[in-house]
Amino acid sequence: MTGIPDDRLSEVPVAAVILTPGADSTSDDLRTELRSALAAYELPRKITIVASIPRFDTGKVDRAGIARLFEEPSA
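What counts, and where the lines are drawn
Within each chain, residue numbers correspond to sequence positions counted from 1 in written order. Only residues with pLDDT of at least 70 are given local features in this predicted model, and only at 80 or more are side-chain atom pairs given and counted; all residues enter the totals for whole chains, interfaces and linings. Just so you know, side-chain values use all the structure's heavy atoms and leave hydrogens and water out. As used in this record, nonpolar core signifies buried Ala, Val, Leu, Ile, Met, Phe, Trp, Tyr and Cys residues forming a set joined through side-chain atoms within 4.5 Å. Buried residues are those whose accessible area, probed at 1.4 Å on protein chains only, stays under 20% of the maximum for their type, while exposed residues exceed 50% and partly exposed ones sit between those limits. Under the scheme used here, helices are H or I runs from DSSP no shorter than 4 residues and strands are E runs no shorter than 2 residues, and both carry numbers assigned from the N terminus. What goes into a patch is any residue over 30% in relative accessible area without a salt bridge, connected to like charges within 9 Å or, for nonpolar side chains (Val, Leu, Ile, Met, Phe, Trp, Tyr), within 5 Å. Residue burial considers only the protein chains on display, and all accessible areas are found by Shrake-Rupley using a 1.4 Å probe. Take a side-chain nitrogen of Lys or Arg and a carboxyl oxygen of Asp or Glu: if they are within 4 Å of each other, that pair is a salt bridge. In summary, the charge assignment counts Lys and Arg as positive and Asp and Glu as negative, without counting His or the chain termini. A charge is said to be at NZ when it belongs to Lys, at CZ for Arg, at CG for Asp and at CD for Glu. Strand pairing requires that DSSP identify at least two bridges connecting the strands. To get an axis, a line is fitted to the C-alpha atoms, and for a helix only the part in contact is used. The angle between two axes follows their N-to-C directions and goes from 0 to 180 degrees. Here a residue-residue contact requires only that any non-hydrogen atoms of the pair lie within 4.5 Å.

(A) Highlighting the nonpolar core. Counting residues in each nonpolar core, the largest one holds nine residues, listed as Ile-4, Val-12, Val-14, Ala-16, Val-50, Ile-53, Ile-66, Ala-67 and Phe-70. Elements with a minimum of two residues in this core: strand 2 (10-17) and helix 2 (63-68).

(B) Geometry of a negative patch on the surface. On the surface, a cluster of negative charge is made up of Asp-24, Asp-28, Asp-29 and Glu-33. You can see Glu-33 is positioned in helix 1 (residues 27-35). Residue class for Glu-33 comes out exposed when judged on its relative accessible area of 59%.

(C) Spotlight on the pairing of strand 1 (residues 2-6). Across five bridges, strand 1 lies against strand 2 in antiparallel orientation. By the bridge assignment for strand 2, Gly-3 is matched with Pro-13. A loop of three residues connects strand 1 with strand 2, the two strands running antiparallel in sequence.

(D) Highlighting unusual backbone geometry. With a phi angle near 80°, Ser-10 is a residue other than glycine that sits in the positive phi range. Mapped onto the elements of the fold, Ser-10 is located in strand 2. The exposed category is assigned to Ser-10, whose relative accessible area is 56%.

(E) Layout of the sheet that holds strand 3 (residues 46-49). Taking strand neighbours across the sheet as the criterion, the three strands line up as 1-2-3 in an open arrangement whose pairing is mixed. With partners counted over all chains shown, the strands left at the sheet margins are strand 1 and strand 3, one partner each. Across the sheet, the mean angle from the axis of one strand to that of its neighbour is 35°, orientation sign disregarded. When strand 2 meets strand 3, the two strands line up parallel, connected through four bridges. Within strand 3, the residue paired with Val-14 across the bridge is Lys-46. Helix 1 contacts strand 2 and strand 3 of the sheet and is inclined by roughly 125° relative to strand 3.

Read these as spatial facts, not as claims about activity.
See the structure below:
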């Protein structure tokens, strides 16, 4: 999970998720499950399901890389 810029709140949380093999959850399913464990302000505004999480050569998660997954495509 990382943050992306937001006009009103400055930054909001987003998450990239790798599903376990055979799982068929959607982003909405995941948000519903998270509602029982997280406060409203902690819930990711957007969740994307990915095949792999962006990482640096060292193996550390690339939070900027995750944020780029949520960038709007230019028109």
